Each structure stands twice: as structure tokens, then as C-alpha cells.
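Coordinate inspection notes
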Amino acid sequence: MADLIIKPTSGTGNKLILQNQAGNAILTTGNSATDSIFPAGHTLQTRFNSNSTAASATTSTKQTAASHTITPLTNSDVLISGTIGGQVDTGGQLPYFEILRGSTQIFQTQFEYGADNGVYVPVLYLDTAPSGNGSTSITYSIKVWIGGGGGTLYLNYGGTYTSTILLQEIAG
């Protein structure tokens, strides 16, 4: 079968609108490829980064497990997922992680695992208010520390663990 090429008339304001059988727009183009409009819920872009650099987090020292930037459009959400790889040196510690948008904390929680056990901790959060504008990049970071009880969290312990962050822009 040959390619089917559909092109709107040249000029500002002429769009190509694909509709479903009910007559709802499922894809609308603008004057350029960056002006295309996708329905809510579609993944518009994905960014991934990993970090295998070993670091020690304590009650007084937060460490960045992983970070990355994304440039979302207006009204988009950003889904943040990833893993934290590490080990706590003794039991009874209170390890925490937080997610930052720039320097603003948008999520924090405590996680638990036994002493001297290496582990991957899953991270998942939907940022419904990233305030994107399509031209300004936003940096998201996952940071870890020990919240109480002393001890040390060895991030990316022994070179065998890697922390990751995956950012997905979701059309709003």
C-alpha cells in the first residue's frame, strides 16, 4: 500500500484534525510540528537518567540519588518514576527520600528495610502542577538521607547498585 499523505493548505491557522467515528479530535496539528495537540493522557516525551556514583547519606547530609530535566508544555503533568539503590549500615534507621522540582520539595516519605541489606526502593509520583510553558526546563531530583537514629545510607553501594529517574510528560 502506498503512503497516504494529508496536508493542510499553507498559511497560518490551517490545521489538520484527525477525528474518531464520534467526531472527536484525536490529533490536531498546528502551524508546525511543535504545535501539535494530543489528547489528555498521551505520553509526549520521556527522559531517563541513571547514577551509579557511590555516596553516603546521613542525618545531616542529603545525597542526590538521580536527577534529570524535562521541558513540559502548559497544562501537562510529569510522571516521575525511578529506583534508589543502596544499603543502611545498621537496623533501626529511618531512611527517607524526597522528590524535588527545582529546589521545591513536592514529595517525601520514609522507607524501610533491614540492616546491612542492599535494596532497590521504587519511586513513583505524578506531579500535576509542574507549571511548564514549553520553553523552560524543569529539573527533578530524588534525594535520600537518614531521618533519625544515626547510621549511614550507602547510596549505590559497592558499585553494584544504580539509582534511576524516568520523567514522562503526560498531556493534560
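Keep in mind that what you see is a predicted model, and the values were worked out from it rather than measured.

**A word on the packing of aromatic side chains**
In total, this model carries six aromatic pairs according to the counting rule given. Plain terms: the ring middles of tyrosine 96 and tryptophan 145 are 5.6 Å apart, the flat faces sit at 10° to each other, and that makes the pair stacked. Residue tyrosine 96 is found in strand E7 (residues 95-101), and its partner tryptophan 145 is found in strand E10 (residues 138-146); the two are separated by 49 residues along the sequence. The pair formed by tyrosine 96 and tryptophan 145 is uniform in burial state, with each residue classed as buried. An angle of 45° between the planes, with centres 6.0 Å apart, marks the rings of phenylalanine 97 and phenylalanine 107 as tilted. Of this pair, phenylalanine 97 sits in strand E7 while phenylalanine 107 sits in strand E8 (residues 104-110), placing them 10 residues apart in sequence. We classify phenylalanine 97 as buried; its relative accessible area is 5%. A network of ring pairs unites the aromatic residues Phe97, Phe107, Phe111 and Tyr125 as a single cluster. Above the plane of the ring of tryptophan 145 lies lysine 62, whose end atom (NZ or CZ) is 4.3 Å from the centre.

**Brief notes about the nonpolar core**
Of all hydrophobic cores here, the largest spans 23 residues; its most connected members are Ile84, Phe97 and Tyr140. Going through the elements one at a time, strand E5 (63-70), strand E6 (77-88), E7, strand E9 (119-127), E10, strand E11 (153-155) and strand E12 (163-170) are the ones with two or more residues in this core. The leading source of residues in this core is E10, at five residues. Non-local contacts of isoleucine 84, meaning those with residues more than four positions away in its chain, are made with Ala65, Phe97, Val119, Tyr120, Val121, Val123, Ile142, Val144, Leu155 and Ser163.

**A short note on a nonpolar patch on the surface**
Judged by side-chain polarity, Leu4, Ile6, Leu18 and Ile26 come together as a nonpolar surface patch covering roughly 400 Å² of accessible area. Accessibility expressed as a relative area gives 35% for leucine 18, which makes it partly exposed.

**Notes on the pairing of E12**
In regular strands, side chains alternate between the two faces of the sheet. When you tally the buried positions in E12, you get seven out of eight residues, the bulk of the element. The sheet contact formed by strand E3 (residues 43-51) and E12 spans eight bridges and is antiparallel. Looking at E12, one finds that threonine 43 is bridged to isoleucine 170. As judged from the seven bridges shared by E6 and E12, these two strands associate in the antiparallel manner. Looking at E12, one finds that leucine 79 is bridged to glutamine 168.

**Here's the deal with the sheet that holds E10**
The sheet built from four strands is open, its strands ordered E5-E10-E7-E8 with antiparallel pairing. Of all strands in the sheet, those with a lone pairing partner are E5 and E8, marking the two edges. On average, adjacent strands in this sheet sit at an angle of 15° to one another, irrespective of strand direction. Pairing between E5 and E10: seven bridges, direction antiparallel. Bridging across to E10, isoleucine 70 finds its partner in isoleucine 138.

Calculation rules
Residues numbered from 1 in each chain as written. Predicted model: local features only at pLDDT ≥ 70, side-chain atom pairs only at ≥ 80, totals over all residues. Heavy atoms only, no water. Phe/Tyr/Trp six-rings, centres within 6.5 Å; stacked < 30°, edge-to-face > 60°. Helix = DSSP H or I, 4+ residues; strand = E, 2+ residues; numbered from the N terminus. Buried < 20%, exposed > 50% of the residue type's maximum accessible area, 1.4 Å probe, protein only. Lys NZ or Arg CZ within 6 Å of the ring centre and 35° of its normal. Core = buried A, V, L, I, M, F, W, Y, C linked by side-chain atoms within 4.5 Å. Contact = heavy atoms within 4.5 Å. Patch = residues over 30% accessible without salt bridge, like charges linked within 9 Å, V, L, I, M, F, W, Y side chains within 5 Å. Areas by Shrake-Rupley, 256 points an atom, 1.4 Å probe, with all protein chains shown as cover. Salt bridge = Lys/Arg side-chain N within 4 Å of Asp/Glu carboxyl O. Pairing = 2+ DSSP bridges. Axes fitted to C-alpha atoms, helices over the stretch in contact; angles between N-to-C directions.

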